[in-house]
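Take a look at the letters that make up each chain.
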Amino acid sequence: DATAAAASEDAAAAKARMVAEADGSTTNEQDQHDAAALRSQALAQGGVASDAVLARLPPVIIDEGTYKYVLMRVTGESGEVRHLVRGKLGASYHKDVATPYVHECNQLGVRVEILGGGRIRHTPETKSIMIYGFSYGFPWVPGAGHEISAELV
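So, how was this worked out
Residues numbered from 1 in each chain as written. Predicted model: local features only at pLDDT ≥ 70, side-chain atom pairs only at ≥ 80, totals over all residues. Heavy atoms only, no water. Core = buried A, V, L, I, M, F, W, Y, C linked by side-chain atoms within 4.5 Å. Buried < 20%, exposed > 50% of the residue type's maximum accessible area, 1.4 Å probe, protein only. Helix = DSSP H or I, 4+ residues; strand = E, 2+ residues; numbered from the N terminus. Contact = heavy atoms within 4.5 Å. Pairing = 2+ DSSP bridges. Axes fitted to C-alpha atoms, helices over the stretch in contact; angles between N-to-C directions. Salt bridge = Lys/Arg side-chain N within 4 Å of Asp/Glu carboxyl O.

Chemist: Residue-level account of the nonpolar core, with values.
Modeler: Counting 21 residues, the largest nonpolar core has Met72, Val74, Val102, Val110 and Ile114 as the members making the most contacts within it. For this core, the secondary structure elements donating two or more residues are α2 (29–44), α3 (51–55), β2 (65–75), α4 (94–108) and β4 (111–123). The dominant element in this core, judged by the number of residues it contributes, is α4, at five residues. Those residues in contact with valine 102 that lie beyond four places of it in its chain are Leu38, Ala42, Met72, Val112 and Ile114. Counting 10 residues, the second largest nonpolar core, distinct from the first, contains Tyr67, Leu71, Leu115 and Val141.

Chemist: Go over the sheet that holds strand β3 (residues 81–88) with me, naming the residues and quoting the values.
Modeler: Sheet architecture is open: five strands sit in the order β1-β3-β2-β4-β5, paired in mixed fashion. This sheet does not close on itself; its edge strands, each paired only once, are β1 (60–61) and β5 (128–132). Sheet topology note: the β1/β3 ladder contains two bridges and is parallel. Bridge pairing in β3 links isoleucine 61 to arginine 86. Against the sheet, α4 makes contact with β1, β2, β3 and β4, and its axis sits at roughly 35° relative to β2, the strand it touches most.

Chemist: Can you break down the pattern of salt bridges residue by residue, with the values?
Modeler: Under the defined criterion, the tally for this structure stands at two salt bridges. Aspartate 96 serves as the salt-bridge partner of lysine 95, at 3.2 Å between the closest nitrogen and oxygen. The class of aspartate 96 is partly exposed, set by a relative accessible area of 32%.

All we've got here are geometric facts, nothing functional implied.
Right, here's the structure in full:
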């Protein structure tokens, strides 16, 4: 039902705002602009790396604790596609998580598409990972979401 889905999205947005306010980070217009520029830059470069280079990229790099994460799709010269999850404790914005990995992939000749983001709560002691929320800077592209990230972690 569309009404229930919209209510669920509104509740998720409200929860994300509360979490952002609790940790002191809020996404402003400049951050959204910077994130959009990074997303465009990432798409415009790369795509010449071999499949062997793609295979060496770890599918998941995350920290312990609760933090922002991004899901990226990387592509090499053959058209092979992989998904990567990257999370960083202490990152104020999702672009702060994505930037070093986008630059690394571009230097390797790998094309990067930032599909979206959210938060991860990783508790190794209890072997639990919770993936939730969303990114104002990197809203989900159609067809992408936490389910892809959950398969990887």
